[in-house]
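Here is how the chains run, residue by residue.
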Amino acid sequence: MRIGIDLGGTKTEIIALGEQGEELFRHRQATPRDYWQTIELIASLVDLTEKETGQRGTVGMGIPGSISPYTGVVKNANSTWLNGKPFDKDLSQRLNREVRLANDANCLAVSEAVDGAAAGAQTVFAVIIGTGCGSGVALNGHAHIGGNGTAGEWGHNPLPWMDEDELRYRTEVPCYCGKQGCIETFISGTGFATDYQRLSGNALRGHEIMRLVDEQDAVAELAISRYELRLAKSLAHVVNILDPDVIVLGGGMSNVERLYQTVPVLLRNWVFGGECETPIRKALHGDSSGVRGAAWLWPQGE
Ligand SMILES: [Zn+2]
């Protein structure tokens, strides 16, 4: 049995998967905003899962951050009480077994590569486009972490081929990482809403803007076409470097169905040489991809 845990800022979810990926058990609980309480919560969730299923499982965990390969402690977690802590080691000790830990976007990539929208693909690039923008890489179904623990942090590369407007916007909306012009500030759901507000003067949420697009509102249409162009330019960088077999989108913006028609066509204008048939697909497991991918950090046949 494989146990996967997705540690979110507000909720922690646990899942148990059988040998073929079938769901045996699932449970959610509020995440405490304290390090040792978080460890105790996870221990009690694993205990509950093993009691309910009558089996012992491997444990994989997705977190909104990563472990520094140099210091062995968590970095870049927006659940800030994890930062600077040897979370995987403390958990392994508490649970009396090895715990594998990966960034939540890497978990999305693994989940979709194993039995999701990119099932069986060798190289998968997955993006979570929500409030922010995280991304991860799966190679042959394994999370690719990278020597610095930074693989996939493409959201903090600058938006490529900026036009005059975009050069100006980059100074208006600095990124929380300390740089300007990061891809995240343009293609996150927040970036989309910000751009619509620039054009219209109105503060609306992503799904409200998309409703206006359906009603053929010209300003909302302009905002989504600018968004599609920026996403295509940004993904062209990924194709030029990694050339993944499949690109998977998760998070709130992945529900915008027209992206799967428009962005692959636009992508060809920016990929070197102009040839690009890379499929862009919506995450099959939706919000469950994080917790399923965490379980699959212990792959089949290993
Ligand atoms: Zn940034």
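In this text, all values refer to a predicted model and were calculated from it rather than measured experimentally.

**Student:** Explain the pairing of strand β11 (residues 246-250) residue by residue, including any values.
**Tutor:** In terms of residue burial, β11 counts as a mostly covered element, since five of its five residues are buried. Across the two faces of β11 the burial is the same, with Val-246, Val-248 and Gly-250 and Ile-247 and Leu-249 all buried. Bridge count for strand β8 (residues 123-129) against β11 is five bridges, and the pairing is parallel. Bridged to Val-127 within β11 is Leu-249. By the bridge criterion, three bridges tie β11 to strand β12 (residues 280-282) in an arrangement that is parallel. Considered in β12, the bridge of Ile-247 is made with Ile-280.

**Student:** How would you sum up the coordination of the zinc ion? Please name residues and give values.
**Tutor:** With distances of 2.1 to 2.4 Å, the protein atoms coordinating the zinc ion are His-156 (ND1), Cys-175 (SG), Cys-177 (SG) and Cys-182 (SG). Considering all four donor atoms around the zinc ion, angles at the metal cover 103 to 120° and the coordination shape is tetrahedral. Written as a sequence motif, the donor arrangement for the zinc ion is H-x18-C-x1-C-x4-C. Owing to a relative accessible area of 7%, Cys-175 belongs among the buried residues under this scheme.

**Student:** Explain the pattern of salt bridges residue by residue, including any values.
**Tutor:** What the rule picks out here adds up to 20 salt bridges. Residue Arg-26 pairs with Glu-13 through a salt bridge whose shortest N-O separation is 2.6 Å. One end of the pair, Arg-26, is in strand β3 (residues 23-30); the other, Glu-13, is in strand β2 (residues 11-17), and 13 residues separate them in sequence. Look at Arg-26 and you get partly exposed, because its relative accessible area is 29%. Ionic pairing is found between Arg-26 and Glu-23, a salt bridge with its closest N-O pair at 2.9 Å. One salt-bridge network, in which partners are shared between bridges, spans Asp-165, Glu-166, Arg-168, Glu-172, Asp-195, Arg-198, Arg-226, Arg-230 and Lys-233.

**Student:** Help me get a handle on helix α9 (residues 259-267), residues and values and all.
**Tutor:** Residues of α9 that are buried include every one of Leu-259, Tyr-260, Val-263, Pro-264 and Leu-267, and no others. The arc enclosing the buried residues of α9, seen along the axis, measures out at 105°, which places them on a common side. On its buried side, α9 packs onto α8 (218-241), β11 and β12.

**Student:** Mind laying out the domain arrangement of the chain, listing which residues take part and the relevant values?
**Tutor:** Domain boundaries assigned for the chain yield domain 1 (2-110 + 287-295) and domain 2 (120-283). The partner domain 2 presents 21 residues to the 13 residues of domain 1 that form the contact. When the two sides are added together, the surface that domain 1 and domain 2 hide from each other amounts to roughly 1,100 Å², 60% of it contributed by carbon and sulfur. Broken down residue by residue, the surface that domain 1 buries against domain 2 is led by Asn-106, Leu-108 and Ala-109, which jointly contribute 41%. Applying the counting rule to domain 1 against domain 2 returns zero salt bridges. Remark: the boundary between domain 1 and domain 2 carries four residue pairs in polar contact (both at pLDDT 80 or more). Of the residues forming the side of domain 1 that touches domain 2, the biggest block, six residues, is contributed by helix α3 (residues 104-115).

**Student:** Could you give me a rundown of the sheet that holds strand β10 (residues 142-143), with the residues and numbers involved?
**Tutor:** Picture the strands of a sheet paired through backbone hydrogen bonds; they go either parallel or antiparallel. Here we have five strands laid out as an open sheet, ordered β10-β9-β8-β11-β12, and mixed in their pairing. The sheet is open, and its two borders are formed by β10 and β12, each paired with just one other strand. Its contacts with the sheet place α8 against β8, β11 and β12, and it is angled at close to 145° to β8. Taken strand by strand, α9 contacts β11 and β12, and its axis lies near 160° from that of β12.

Reading the values: rules and limits
Residues numbered from 1 in each chain as written. Predicted model: local features only at pLDDT ≥ 70, side-chain atom pairs only at ≥ 80, totals over all residues. Heavy atoms only, no water. Buried < 20%, exposed > 50% of the residue type's maximum accessible area, 1.4 Å probe, protein only. Helix = DSSP H or I, 4+ residues; strand = E, 2+ residues; numbered from the N terminus. Pairing = 2+ DSSP bridges. Donors = N, O, S within 2.8 Å, 3.2 Å for Na, K, Ca; no water. Tetrahedral: all angles 85-135°; square planar, octahedral: opposite > 155°, others 65-115°. Salt bridge = Lys/Arg side-chain N within 4 Å of Asp/Glu carboxyl O. Arc of directions from axis to C-beta. Contact = heavy atoms within 4.5 Å. Domains from an automatic or database assignment. Buried area = accessible area lost by both parts, 1.4 Å probe. Polar contact = N/O pair within 3.5 Å; in protein donor to acceptor, adjacent residues only side chain to side chain. Axes fitted to C-alpha atoms, helices over the stretch in contact; angles between N-to-C directions.

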